[in-house]
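Chain residues, written in single-letter form:
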Amino acid sequence: MAHAMTVPESGHAPRPRKAPMPPVLRAFLWAAIGFLLLNTFVIAVDPFRGHPFVTGPSVVFGWVGAAIGWLLGIGLYDAVLLPLMGFPTRWQERQQGWRRYWEFATDHKVIGLQYMMFAVGGFLIAGGIAMLMRYELMTPYLTIFHYPSNYLTAVGIHGTLMMFSFATVFMIGGLGNYFVPLMIGARETVLSKLSGIGVWLVPVGILTVLFSPLLGEWSTGWRGYEPLAGQDANGILFYYLGVLALTMSSLIVALNLVATVMFRRAPGLTWGRLPLFVWGQVTVNLLMLIWFPEIQTTFVMALLDKVVPLNFFTATGSPLTYLMLFWLFGHPEVYIIAVPAFAIWNEIIPVMAQKSLFGRQWAVIGLVFVMMLSGLVWAHHMFTNLRNSEILPFSFFTEMISIPTGFAYMSAIGTLWKSKVRLNTPMLWILMSMFNFLIGGLTGVFLADPIVNLQLHDTFWVVGHFHYTIIGSMVFSGFGAIYYWLPKLSGRTFNETWGKTLAIITFLAFNLTFSQFFLLGLHGMNRWVPAYPAYLQPMNFEVSIFAFILGAAFLGNILYIGYCWRNGAQAGENPWGAKTPEWFTSSPAPRYNFPVQPEIVGSLYLYGEGTKVPVVTTALGELAATSRATQDPQFDWHDYAPDGGGVTS
Amino acid sequence: MGENVVFAVLWVVFSVLGEIGDRVIIRHNPMYYIVSNQGQLALQAFNFLLVVLTPVFVFVVLFLVFTMVRFTTKRGEMPPANKRFAIDNKAFVLVWVGGSIALNLLFFLHPTTSAMEQMFALDQPAANTHDLVVDVTARQWQWIFSYPQYGLTQTLTPNGQNLLELPVNVPVKFVLRSYDPYHTYDQYADVIHSFWVPAFGIKEDVIPGETRYEYLTPTAITSYAVNPMVRVQCAEVCGPGHPWMESPLAVVSDQQFAQWVKAQKALANG
C-alpha cells in the first residue's frame, strides 16, 4: 500500500514545472478538441451525412470525445495515466488554497466539497428554471415560453438536474464523501483517485443537460417516456448522455463509499457501532450499485433506439417496456434521495438532546428494509396503464413500505420524548424536515390506493407529493446537516437568530407553495401544461408568488452559509458535544483526518450518566509519536494500525 | 402524571377537532365535483383515508410542537448530563410497529382491495351490458368520439370541436385506442395519452397498439359550462399539443341525448 501515497504531506519537495494553464481551462480545451476529433470523424465516414456539421450520431460520438478529453484534461492524464504507465508526471496535489477545489484531488474532503459545490450549482440552475416555470404558470396562456415545447424542455431540465445533479449528489457525493470516512475513523477512502476523477463527471452532466436545447426541444420531462421520446428532436440525446455522466459519477461514489466502509473502519468500529449516517449511506449506496447500471443500460438502449434507430421501445405493442425499465430504477431513486435524510434525523437529534438514541436497531432496520422494499413498489407509477391483475400486488408493497419508513419517526420520537433538546438552527431544520416528510408520506398513502390514484395520477397532487417528500426530506435535512457540520467543515459557526429566521421563512414559503399543489390537483390541474383552463389561475398565481419567496429563501440560506463559512465566529472543536468520531479531530480535519488512528471503544449514541467517551485517540498515539510519519515520506499509517496490514508492533 | 397524560389528552382533543374538520371537508367534497359512480368509489376511499389518517397526522405534528414547547432547553443552556436514558421501551415499540402494520393491512383490505373489486366487477358480463359504447380515439392532439351503436363516427359541436355527450345514469363502456386515422402510412405512430374527465374521478392511459376499456355511469346532468371539471383532458404528456388536448363534455337526459344523436346524424349526412 505504501507506494500509493508518494505525495509528501508537507510542501517541502521542489515543485515541478508549473502546468501551462489551470486544469479546468485545459479540460475545456481538451474537451473541445475531443469533440471536434470524433464529431468530424463521424461526419467524414457517415454515408448518409447531410449538410449540418453536427448530426445526431456525430454529436453522440463527439460528446464521448469531449467527456474523455475533459477528464484527461482535468487530471486523468497527469495524475492517473502517467504514473500508472510509469512515466514521470508534473502533477502534484495542492494541499491548500481555493485552487485545489478546481483541480483533480484525492482528499475525500476536497472531493466532498467539490460534489457539494457542483450540486449547489445544479440546484441553483434547476431552481432558476423552476422560477421561470412558475412565472409561466401565473397566467393560463403562454407568456415567457413561446411554445409548449420550450416549457416542456424547461420542465425536463429542471427535473433532470434536480434529481441527478443535486438530490442524488449533495448528500451522497457531497456529505457522504466528506463525512463517511471521518465518521468511521478512516484516514482516506479506498478508491480515492477514481473518486477524484468521478466528481468531474458532475459538471459534464450538468452542462450537457443544460445545453440540450442546442440540439432541439425534448418534451418528455425527466422520465424520457417512450414512444414520445422517439418523436423528440435531438435534445433528448443530451438528456441521455448527461444523465449517463451524472449516474456514472454517483456510481463511483457508491462503489468507493461501500468499499471504504467495508475495509477502512477504525479499530473497534463494528457494524453494530456504525454511525446512523453511515448506515444511511451504505444502504443507498447498495441501492445505487443495484439500480444505476439498470437505468444506464436503459438509457444506452434508448439512445441507440434514437440514433440507429433500433425501435426497442417505439415498436407497436411495446411502449410500456421503457416505462417499466424506467420506474424499476425510478422508485429506488427516490429512496436513494430520502434515506440519507432519515439517517440524518437520528444522527443529529441525540446530539442536540444529549440523550441516548432510542431504538437504534429499529432505526437501522428501517433503513435496510426501506432499501429492500424499494425495488418492489415501482409499478405504482403505472396504475393508469398497468394490467388490472398487477395493480394489487404493487399497491400492497407500496402501502407496506410506510412501515419501515415509520421506524425513523419512532426512533426520533422515542429519543426526543422527555428530553431537553437544544432547539437551535440544525434541530429546527430537522423538526421541519420531519413535518414536511410526514405530509409527503401521508399524501403518498392516498396515491398508493389505486382507486384514488386513478383520479390523482398525473395531477398536481402528485407534484405536491413528491416535492414534499424530496424537498421535505433531502433539502430540509440537508440544510440541517450543513448547519450542524458547518463548524466541522469550516471551523466557524453561524448566528442562531439569522439561522432560525432563514429556516422559518423557508419553511413557511415551502408549505404555502406546495400545500396548494394538492388542492390544484384535486381541482383538476394536470401536469406538463404551460396553459391550463382559466378557472385554475387564481390559485396558480398565488402559488407562484410563494414559490418566488421560496426561491429567494433558498438563495438566502446558501448565501448566509457561504458568509459564515468565511466570516462566522470561531467554533469550538466539538461545539455540540457529539460523540461520533468526526468531532475527535481538528476542524476542519487535517489532510489524513486524524493525527493518529482513533479507536472506538463504546457506543456512539449513548449519553448521560455512566457513559464514556467512545473515541480514543491516545491508544495508538504513542506509536505515532515515535512513528516515521515526520521523517519517512513513504509513511503509511496502515502499517501501524491494528487492522491494516496485520502489523501491530 | 406528567407529559404522558398531557400529551394523550391533547392528542385526543386535537384528533377530535381534526375529525370535525374532516366532516366539514367531506361535506364540501374534497374532490370538488364528482359526477360518476367510479368517482364516488374514489371519493369514498379518499374520505376514508382522510378520516383514519387524521389521528396519525395529529400525533406526529402534536409531538413536534410538544417537543418545541416542553422538551427544550433555554437558549445557550446545555441539556442535563446526569441522567440515565431509556434506549428501549417494548410497549411503545410494540404499539408503533404493530399499529403501523395493522393500519396498512387495513388500508390494503379497505379501501384498496374492496374498491378495486367493485371496479373490476364492472367489466364482468353481469355488469358489462353494453348500454352505451363510445369509441375514444386519441391522436396527437385530439380526442375523437364515435358511437358505433348509433352509426356516429365523429361527434362535433356546431363550431367543429369534438364533443362527448352522454346520457345520465346509463352505464358507458369507453373503448380507448391511441392511433391516428389520418396518418394512413403508419396509423400507430402515436404516443401514450391519458383519458381523464376530472369530474368522473378516473383516468386511464390510452396506449398505441392496445385496446383498453373503462366503465362508468355518469350520475348527474351537467356540462363544461356548469363546471370546468366536466371536460375530457389528456393527462399524460404527449408532446407540444398536450395542454390543448381537451374536449367539452355534456351529460344530458335520455330525451336530449336522443335528439342530439339525431342532430349529429343530420350533421354527418350533410
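Residues numbered from 1 in each chain as written. Chains lettered and ligands numbered in written order. Predicted model: local features only at pLDDT ≥ 70, side-chain atom pairs only at ≥ 80, totals over all residues. Heavy atoms only, no water.

**Some thoughts on the overall build of chain B**
We count it as follows: Here a strand is any run of E in DSSP of at least two residues, a helix any run of H or I of at least four, and the numbering for each starts at the N terminus. For a compact globule the rule gives 2.2 Å times the number of residues to the power 0.38, and the radius of gyration it is set against comes from C-alpha atoms. Summary of the burial criterion: residues with accessible area below 20% of their type's maximum are buried, those above 50% are exposed, and those between are partly exposed, where the area comes from a 1.4 Å probe applied to protein chains only. The contact rule is simple, with two residues in contact once any of their heavy atoms fall within 4.5 Å. Calculation of accessible area relied on Shrake-Rupley with a 1.4 Å probe; when residues are assessed, cover is drawn exclusively from the protein chains displayed.
Secondary structure summary: chain B contains four helices and 10 strands in total. Relative to the 2.2 N^0.38 estimate, which gives 18 Å for 270 residues, the radius of gyration of chain B is 26 Å and therefore markedly larger than a compact globule would have. Dimensions of chain B, computed from the C-alpha atoms along their principal axes, are close to 90 × 40 × 35 Å. Buried positions account for 53% of the 270 residues belonging to chain B. Long-range pairs, those at least 24 residues apart, make up 70% of the contacts in chain B between residues at least 6 apart in sequence. Split by element, the accessible area of chain B, about 12500 Å² in all, is 62% carbon and sulfur.

**A few points about the sheet that holds strand S2 (residues 142-146) of chain B**
All names here are of chain B. Stated precisely, the cut-off is as follows: One requirement defines pairing of two strands: DSSP has to find at least two bridges between them. Comment: axis = line fitted to C-alpha atoms, over the contacting stretch for helices; angle = value between 0 and 180 degrees taken between N-to-C directions.
Strand order in this open sheet of four strands is S2-S1-S4-S7, and the pairing throughout is mixed. Where the open sheet ends on each side, the last strands, each with one partner, are S2 and strand S7 (212-216). Taking the axes of each pair of neighbouring strands and ignoring which way they run, one obtains an average angle of 25° across the sheet. Summarising the sheet, strand S1 (residues 132-139) and S2 pair through five bridges and their orientation is antiparallel. Bridge pairing in S2 links Thr 137 to Ile 144.

**Focus: the domain arrangement of chain A**
Put simply, an interface is often sized by how much accessible area is lost when its parts join up. Residues and elements named next belong to chain A. To be explicit about the condition: These domain limits were set by an automatic method or by a database of domain assignments. Two parts placed together each lose some accessible area under a 1.4 Å probe, and the buried area is that loss summed for both. Under the rule applied, a polar contact is a pair of N or O atoms within 3.5 Å (in protein, one hydrogen donor and one hydrogen acceptor; residues adjacent in sequence only if both atoms are side-chain atoms). Three residue categories are used. Nonpolar comprises Ala, Val, Leu, Ile, Met, Phe, Trp, Tyr, Cys and Pro, charged comprises Asp, Glu, Lys and Arg, and polar comprises the others, including Gly.
You can read the domains of chain A as domain 1 (22-85) and domain 2 (105-567). Inter-centroid distance (C-alpha atoms) of domain 1 to domain 2 is 31 Å. Counting residues at the interface gives 16 residues for domain 1, matched by 16 residues for domain 2. Here domain 1 packs against domain 2, burying approximately 1300 Å² in sum over the two surfaces, 87% of which is carbon and sulfur. Inspection of the domain 1/domain 2 interface yields three residue pairs in polar contact (both at pLDDT 80 or more). The set of elements that each furnish at least two residues to the side of domain 1 that touches domain 2 consists of helix H1 (23-45) and helix H2 (56-85). Per element, the largest residue contribution to the side of domain 1 that touches domain 2 is 14 residues, and it comes from H2. Taken together, the residues of the side of domain 1 that touches domain 2 break down into 14 nonpolar, two polar and no charged.

**Focus on the pattern of salt bridges**
Going by this rule: Salt bridge criterion: a side-chain nitrogen from Lys or Arg within 4 Å of a carboxyl oxygen from Asp or Glu.
In this structure the tally under the stated criterion is 14 salt bridges over all chains. If you follow the salt bridges from partner to partner, you end up with Glu93(A), Asp107(A), Lys109(A) and Arg591(A) in one network.

**Points about the pairing of S2(B)**
Put simply, side chains in a regular strand alternate between the two faces of the sheet. All names here are of chain B. Buried residues dominate S2, accounting for five of its five residues. Both faces of S2 are covered, namely the face carrying Gln 142, Ile 144 and Ser 146 and the face carrying Trp 143 and Phe 145. The antiparallel pairing of S1 with S2 creates a hairpin that spans two residues between the two strands.

**Concerning the environment of Tyr535(A)**
Residue position: Tyr535(A) is located in the loop between helix H18 (496-522) and helix H19 (537-567). The contacts of Tyr535(A), once residues within four sequence positions are left out, are His523(A), Gly524(A), Pro228(B), Met229(B) and Arg231(B). A polar contact is formed between the side chain of Tyr535(A) and the backbone oxygen of His523(A), at a distance of 2.7 Å.

**Here's the deal with the nonpolar core**
For clarity, the threshold we go by: Residues enter a nonpolar core if they are buried and are Ala, Val, Leu, Ile, Met, Phe, Trp, Tyr or Cys, with the set joined through side-chain atoms within 4.5 Å.
Counting residues in each nonpolar core, the largest one holds 286 residues, and the members touching the most others are Leu175(A), Trp485(A), Val134(B), Trp143(B), Leu164(B), Phe174(B) and Phe195(B). For this core, the leading source of residues is helix H11 (residues 319-353) of chain A, giving 20 residues. If near-sequence neighbours (up to four positions away) are discounted, Leu164(B) is found in contact with Val134(B), Phe145(B), Tyr147(B), Phe174(B), Phe195(B), Val232(B), Pro248(B), Leu249(B) and Ala250(B).

**Observations concerning the interface of chain B and chain A**
The partner chain A presents 91 residues to the 95 residues of chain B that form the contact. Each partner contributes to the roughly 7900 Å² buried at the junction of chain B and chain A, and carbon and sulfur atoms together form 70% of this total. Breaking the side of chain B that touches chain A down by element, the ones donating at least two residues are helix H1 (3-27), helix H2 (37-70), helix H3 (90-121), strand S6 (202-206) and strand S9 (231-234) of chain B.

**Details of the layout of surface pockets**
Residue and element names in this part refer to chain A. The line we're drawing: Think of a 1 Å grid over the protein atoms and nothing else: a 1.4 Å probe that fits but is trapped marks a cavity, an open set flanked by protein within 12 Å on at least five of seven lines marks a pocket, and residues with an atom within 4 Å of a point count as lining. Grid points are joined across faces, edges and corners, and a volume is the space filled by probe spheres set on the points.
The space that makes up the second largest pocket amounts to roughly 1200 Å³. Lining the second largest pocket are 36 residues; nearest its centre among them are Tyr 101, Leu 113, Leu 489, Ser 490 and Trp 565. Listing elements by their share of the lining of the second largest pocket, those giving two or more residues are helix H3 (108-136), helix H5 (169-183), helix H17 (460-490) and H19. Among the elements that line the lining of the second largest pocket, the one with the most residues is H3, at nine residues. Of the residues in the lining of the second largest pocket, the class split is 25 nonpolar, five polar and six charged.

**Remarks on the confidence of the model for chain B**
We apply this condition: The predictor attaches a confidence to each residue, called pLDDT, with possible values from 0 through 100.
Mean pLDDT over chain B works out to 94, with 100% of the residues at or above the 70 mark. Ranking the helices and strands of chain B by mean pLDDT puts strand S5 (residues 193-197) of chain B first, with 97, and helix H4 (residues 254-268) of chain B last, with 93.

**Observations concerning the UniProt feature "domain: Cytochrome oxidase subunit I profile" (unreviewed entry) in chain A**
Quick reminder of the rule: UniProt positions are given in the numbering used here, feature names are shortened, and annotations may be inferred rather than shown by experiment.
When the UniProt feature table is mapped to this numbering, "domain: Cytochrome oxidase subunit I profile" (unreviewed entry) covers residues 96-601 of chain A. The span residues 96-601 of chain A is 67% helix and 0% strand, and its two end C-alpha atoms sit 33 Å from each other.

**What about the UniProt feature "domain: Cytochrome oxidase subunit II copper A binding" (unreviewed entry) in chain B?**
Using the residue numbers shown here, the UniProt feature "domain: Cytochrome oxidase subunit II copper A binding" (unreviewed entry) corresponds to residues 129-263 of chain B. Structurally, residues 129-263 of chain B is divided into 7% helix and 39% strand, and its ends, taken at the C-alpha atoms, are 26 Å apart.

**A look at the UniProt feature "transmembrane region" (unreviewed entry) in chain B**
All names here are of chain B. Following the UniProt record, one finds the feature "transmembrane region" (unreviewed entry) at residues 42-71 and 91-109. When the span residues 42-71 is considered, its composition is 97% helix and 0% strand, and the gap between its end C-alpha atoms is 41 Å. Regarding residues 91-109, the helix share stands at 100% and the strand share at 0%, and the terminal C-alpha atoms are separated by 26 Å.

**Details of the environment of Asn227(B)**
All names here are of chain B. Along the chain, Asn 227 turns up in the loop between strand S8 (222-223) and S9. For Asn 227, a relative accessible area of 14% gives the class buried. C-alpha separation for the pair Asn 227 and Tyr 32, spaced 195 residues apart in sequence, amounts to 10.0 Å. For Asn 227, the side chain forms a polar contact with the main-chain nitrogen of Met 229, separated by 2.8 Å.

**Re the packing of helix H4 (residues 148-167) of chain A against helix H7 (residues 201-210) of chain A**
All names here are of chain A. What counts here: Roughly parallel means an angle under 35 degrees; roughly antiparallel, over 145; roughly perpendicular, 65 to 115; everything else is oblique.
Their axes nearest at 10 Å, the elements H4 and H7 cross at an angle of 170°. As the angle between them shows, H4 and H7 are arranged roughly antiparallel. Residue-level inspection shows Ile 157, Thr 160, Leu 161 and Ser 165 of H4 in contact with H7, the latter providing Ile 206, Val 209 and Leu 210. Per-class residue counts for the contact of H4 with H7 are five nonpolar, two polar and no charged.

**Side note on helix H9 (residues 235-263) of chain A**
Residues separated by three or four positions in an α-helix point in the same direction, a consequence of the helix having 3.6 residues per turn. Our working rule: Any helix carries an expected span of 1.5 Å times its number of residues minus one.
Given a rise of 1.5 Å per residue, 29 residues ought to cover 42 Å, and the 42 Å separating the end C-alpha atoms of H9(A) matches this to within 8%. Where burial is concerned, most of H9(A) is hidden: 24 out of the 29 residues are buried.

**Here's the deal with the confidence of the model for chain A**
Residues and elements named next belong to chain A. Of the residues in chain A, 92% have a pLDDT of 70 or more, and the chain-wide mean is 91. Long-range and interchain partners of residues 1-11, a stretch whose pLDDT sits below 50, account for 14 contacts in this model, where long-range means more than four residues apart. Scored below 50 in pLDDT, residues 621-630 shows eight contacts in the model against residues more than four places distant or in partner chains.

**Some remarks on the packing of aromatic side chains**
Rule in force here: Any two rings among Phe, Tyr and Trp, with Trp reduced to its six-membered ring, count as a pair given centres within 6.5 Å; such a pair is stacked if its planes are under 30 degrees apart, edge-to-face if over 60, and tilted if neither. We count a charge as sitting over a ring when the NZ of a lysine or the CZ of an arginine lies within 6 Å of the ring centre and within 35 degrees of the ring normal.
On inspection of all chains with the given rule, the structure shows 78 aromatic pairs over all chains. Both rings, one in Phe59(B) and one in Trp96(B), keep their centres 6.3 Å apart while their planes meet at 65°; by these two values the pair is edge-to-face. A residue pair is termed long-range when its members are at least 10 positions apart, and Phe59(B) in helix H2 and Trp96(B) in helix H3 qualify at 37 residues. One residue, Arg223(A), lies across the ring of Tyr225(A), its end atom 3.6 Å from the ring centre. In this structure, Arg591(A) packs its charged tip against the face of Tyr592(A), placed 4.4 Å from the ring centre.

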